[in-house]
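Below, each chain spelled out in residue letters.
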Amino acid sequence: MRIATWNVNSIRQRLDHAVRWLGETRPDIVCIQEIKCQTEAFPKEAFEQLGYNVTVHGQKGFNGVALLSRLPLEDVTHGLAGDDGDVQARFIEAVVSVKGGVVRVACLYLPNGNPVDTEKYPYKLGFMERLEAFAADRLKLEEPLILAGDFNVIPEARDAADPSAWVGDALFLPRTRSAFRSLTHLGLTDALRATSDAGRLYTFWDYQAGAWQRDMGIRIDHLLLSPQAADKLIATGIDKHVRAWEKPSDHVPIWADLAIAA
DNA sequence: ATGACGGTGCTCCACCGA
């Protein structure tokens, strides 16, 4: 089973890319972030024609997430528990039944948090606290669980081409990275780092200042695995070639292959 | 030091993102 995550930066602008990429890699489960449309405006049929079951949690203009799966999606929940006042569409949880059990997936779009001297940063930290509470609860189930998405966190200095450029940024502040470590220390495995010590592994390159051409990237899209999922981890990859396509998203897909029969 | 790029919508500017 291959599970992938991709921040598409508008699904309507990126539909051709999404269809092309799905045709290339045929992942079993796909977490999509920043669809930037309302649920009804999501081009669901295009993905259903490719054999996917689709659930969409959209909102007007910004944010928005979607989850695609070749196997039926069960127990779908839209929104992250812990703040009834949070109206931003950033989270979907679902379960997929596989031979001998289930796979539980959370598709998430963690808040950016900039500028840090505004209410945006406390919102980010609050979301991370709620995510940690969610993960702690679900880990009790002892299931294969994957938290996949755009975390908007640069975990370590080696995850940025130029770490000095990110000092003071909400993606890299010590408090942000501490919150991310607190999450992983529950017992979640960063799938990419579990399979590679290579340098220059990035998932985002800014549109501006020739960041892609100069490979000035950052690694902020992650797949975090419960022990039961990590035990099945075979390989990971970053599909960075899609960043060179015409009119690309500023993020690229990343994926993990798990030894679980789909 | 700033803006750069690209997306959305109550669109020809403002706001958001990273």
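Here we summarise the structure given alongside this text. (Residues numbered from 1 in each chain as written. Chains lettered and ligands numbered in written order. Predicted model: local features only at pLDDT ≥ 70, side-chain atom pairs only at ≥ 80, totals over all residues. Heavy atoms only, no water.)

### Some points on the sheet that holds strand β1 (residues 2-7)
Consider a sheet: its strands pair through backbone hydrogen bonds, and that pairing is either parallel or antiparallel.
And then number 1: The strand order β3-β4-β2-β1-β12-β11 describes an open sheet built from six strands, whose pairing is mixed. Edge positions in the open sheet fall to β3 (53-57) and β11 (233-238), since each of these has one partner strand only. Each strand axis lies, on average, 10° off the axis of its neighbour in the sheet, ignoring direction.
And then number 2: The sheet contacts of helix α1 (residues 11-25) involve β1, β2 (29-33) and β4 (65-69), and relative to β1 the element is tilted by about 160°. (Pairing = 2+ DSSP bridges. Helix = DSSP H or I, 4+ residues; strand = E, 2+ residues; numbered from the N terminus. Axes fitted to C-alpha atoms, helices over the stretch in contact; angles between N-to-C directions. Contact = heavy atoms within 4.5 Å.)

### Details of the pattern of salt bridges
A side chain with one charge may pair with a side chain of the opposite charge, provided their charged atoms come close.
And then number 1: Overall, the coordinates contain 14 salt bridges when judged by the stated rule.
And then number 2: Across the salt bridge formed by E93 and R104, the nearest N and O atoms sit 2.7 Å from each other. Here the residue E93 occupies a position in strand β6 (residues 91-98), and R104 occupies one in strand β7 (residues 101-109), the gap between them amounting to eleven residues.
And then number 3: Note that E156 and R158 form a salt bridge whose closest N and O atoms lie 3.5 Å from each other.
And then number 4: Each of E93, R104, D137, R138, K140 and E143 takes part in salt bridges that share partners, so that together they form one network. (Salt bridge = Lys/Arg side-chain N within 4 Å of Asp/Glu carboxyl O.)

### Quick notes on the side chain of E93
And then number 1: With relative accessibility at 3%, the residue E93 sits in the buried group.
And then number 2: Here the side chain of E93 touches R104 through a polar contact of 2.7 Å, side chain to side chain.
And then number 3: Within the structure, E93 has its side chain in polar contact with the side chain of R138 (distance 2.6 Å).
And then number 4: Sequence-distant contacts of E93, defined by excluding residues within four places in its chain, comprise D75, V76, T77, R104, V105, A106, F134 and R138. (Buried < 20%, exposed > 50% of the residue type's maximum accessible area, 1.4 Å probe, protein only. Polar contact = N/O pair within 3.5 Å; in protein donor to acceptor, adjacent residues only side chain to side chain.)

### A word on the nonpolar core
And then number 1: One finds F42, F47, L67 and I146 to be the most contacted residues of the largest nonpolar core, which totals 54 residues.
And then number 2: Those residues in contact with F42 that sit more than four places away from it in its chain are I11, I35, C37, F47, V54, V56 and A66.
And then number 3: Among the nonpolar cores identified, the runner-up in size contains 21 residues, and F91, L145, F151 and L183 belong to it. (Core = buried A, V, L, I, M, F, W, Y, C linked by side-chain atoms within 4.5 Å.)

### A short note on the sheet that holds strand β9 (residues 189-190)
And then number 1: As summarised here, the arrangement of the six strands in space is β5-β6-β7-β8-β10-β9, forming an open sheet in which the pairing is mixed. In this open sheet, the two edge strands, each paired with only one partner strand, are β5 (74-78) and β9.
And then number 2: Judged from the two bridges that link them, β9 and strand β10 (residues 221-225) form a sheet pairing that is antiparallel. Pairing of D190 across the sheet is with L224, part of β10.
And then number 3: Its contacts with the sheet place helix α3 (residues 120-139) against β6, β7 and β8 (145-150), and it is angled at close to 160° to β8.

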